[in-house]
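# Structural overview
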Amino acid sequence: MYSLLINARELQQLQQQGTACAVLDCSFDLMKPELADGFFEAAHIAGARHAHLDKHLSTHHPDQAVNGGRHPLPQRDIVAQWLGSMGIHNDMQIVVYDRNKGHYCGRLWWMLKWLGHDAVAVLDGGLQAWEAAGGSLASGPAPAVMPAQFELKAPLRQLVLTAKVATELGKPTQTIIDARAGARYRGEVEPLDPVAGHIPGALNRPFTENFTEDGFFKSAAVLKTEWDKVLAGRTVSSVVHHCGSGVTAVPNLIAMELAGFGPTALYAGSWSEWSRTPGLACAQG
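My aim in this report is to walk through the structure given alongside it, one point at a time.

Definitions and limits used
Residues numbered from 1 in each chain as written. Predicted model: local features only at pLDDT ≥ 70, side-chain atom pairs only at ≥ 80, totals over all residues. Heavy atoms only, no water. Helix = DSSP H or I, 4+ residues; strand = E, 2+ residues; numbered from the N terminus. Rg over C-alpha atoms; globule rule 2.2 N^0.38 Å. Buried < 20%, exposed > 50% of the residue type's maximum accessible area, 1.4 Å probe, protein only. Contact = heavy atoms within 4.5 Å. Areas by Shrake-Rupley, 256 points an atom, 1.4 Å probe, with all protein chains shown as cover. Pairing = 2+ DSSP bridges. Arc of directions from axis to C-beta. Polar contact = N/O pair within 3.5 Å; in protein donor to acceptor, adjacent residues only side chain to side chain. Phe/Tyr/Trp six-rings, centres within 6.5 Å; stacked < 30°, edge-to-face > 60°. Axes fitted to C-alpha atoms, helices over the stretch in contact; angles between N-to-C directions.

## Points about the overall build of the protein
Scanning the protein for helices and strands turns up 10 helices and 12 strands. In terms of overall size, the protein behaves like a compact globule, its C-alpha atoms giving a radius of gyration of 18 Å where 285 residues would be expected to give roughly 19 Å. Principal axes of the C-alpha set define a box for the protein whose edges measure 50 × 45 × 35 Å. Expressed as a percentage of its 285 residues, the buried residues of the protein come to 53%. A separation of at least 24 residues holds for 75% of the contacts in the protein among residues at least 6 apart in sequence. On the protein, roughly 11800 Å² of surface is accessible, and the fraction owed to carbon and sulfur atoms is 54%.

## Overview of the pairing of strand 2 (residues 21–25)
Counting buried positions over the five residues of strand 2 gives five, a clear majority of the element. In strand 2, alternate side chains face the same way, and those of Cys21, Val23 and Asp25 on one face and Ala22 and Leu24 on the other are all buried. In this sheet, strand 5 (residues 93–97) lies alongside strand 2 in parallel orientation, the contact comprising five bridges. Bridge pairing in strand 5 links Leu24 to Val96. As defined by bridge partners, strand 2 adjoins strand 4 (residues 49–50) across two bridges and the pair is classed as parallel. Residue pairing in the sheet places Leu24 in a bridge with Arg49 of strand 4.

## Concerning helix 1 (residues 8–17)
Considered for burial, the residues of helix 1 that qualify are Ala8, Leu11, Gln12 and Leu14. Mapping the buried residues of helix 1 onto a view down its axis gives an arc of 160°, with all of them on the same face. Residues of helix 1 that are exposed and point over 90 degrees away from its buried face: Gln16 and Gln17. On its buried face, helix 1 sits against strand 1 (5–6), strand 2, strand 3 (44–45), strand 5, strand 6 (120–123) and helix 5 (126–132). Between a side-chain oxygen at the N-terminus of helix 1 and the backbone nitrogen of Arg9 the separation is 3.1 Å; the capping residue is Asn7.

## Some words on the packing of aromatic side chains
On inspection of all chains with the given rule, the structure shows three aromatic pairs. Between Phe211 and Phe217, the aromatic rings sit 4.5 Å apart at their centres with planes inclined by 45°, giving tilted as the arrangement. For Phe217, a relative accessible area of 9% translates into the label buried.

## Re the sheet that holds strand 10 (residues 203–204)
The strand order 8-12-11-9-10 describes an open sheet built from five strands, whose pairing is parallel. Each edge of the open sheet is held by one strand with a lone partner, namely strand 8 (159–160) and strand 10. Contacting strand 9 (175–178), strand 10 and strand 11 (239–242), helix 8 (residues 220–231) crosses the sheet at an angle of about 125° to strand 9.

## Re the sheet that holds strand 6
If you trace the five strands from one edge of the open sheet to the other, you get 1-6-5-2-4, paired in parallel fashion. Each edge of the open sheet is held by one strand with a lone partner, namely strand 1 and strand 4. Running at roughly 170° to strand 6, helix 4 (residues 105–114) makes contact with strand 2, strand 5 and strand 6 of the sheet.

## Notes on unusual backbone geometry
Phi at Lys101 takes a positive value of approximately 60°, unusual for a residue other than glycine. Note that Lys101 resides in the loop between strand 5 and helix 4. For Ser270, which is not a glycine, the phi torsion comes out positive at approximately 55°. Relative to the assigned elements, Ser270 resides in helix 10 (residues 270–274).

## What to know about the environment of Glu131
Looking at the secondary structure, you find Glu131 in helix 5. Take Glu131: its relative accessible area is 44%, and that puts it in the partly exposed class. Between the C-alpha atom of Glu131 and that of Ala8, which follows or precedes it by 123 residues, the distance is 8.7 Å.

Below is the structure:
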């Protein structure tokens, strides 16, 4: 079972062995979401399903949402029904990837953990690494599949909501880590949300710092050194990650697990929900 990362050669081996495996392409463009369907149809790993951030990994129906912000999580049973409609069941090894240096596929990795499915891994290096390894590609729409049953189990990762973040604000029991770029964290620019800045007391670790230039996660040893500096003695159990809308914070969670720190929590509403909630303080600088 692969539960964190998988490389292209390992995925090829699984396919050659006939292992029950579902591969999902999560490629996206946050500034141009209309391009996502075209990305998939132009080229994807042969046999892959398509997971669209706006259509499948978020909901815009308030009665179906778990949290607020720009990319609210759908309720767990809704996600399970979608997975089943894609022919995905609990006995499968699931692999998620994108062509965006790991910016988006972590969202589905985390959601599957939240649904209780441990056998899910991010393809390290994404579509580019798959191509470099000689992996087969396809174009056009995803293939038709037979529906399956995906059963919900106890969550394997912790979801934190706005009320808890606000209640614990400023206490040593909570360490908030903001995954956005430094300029957005400091409030110098804000291209997406109505207020610029960050949650008071939050630390800043841009998620892009977990990757090498070619889109692979850095080594466990390097990540351990870097994250030790970020935490500066704070307890791992206190960590709550967030970003703009709960998507690109996930590489920080994955990086901490690669470094040996173990699972940490996600505030999925993130800055987009926090900054829209009346009465909550916002900091700059």
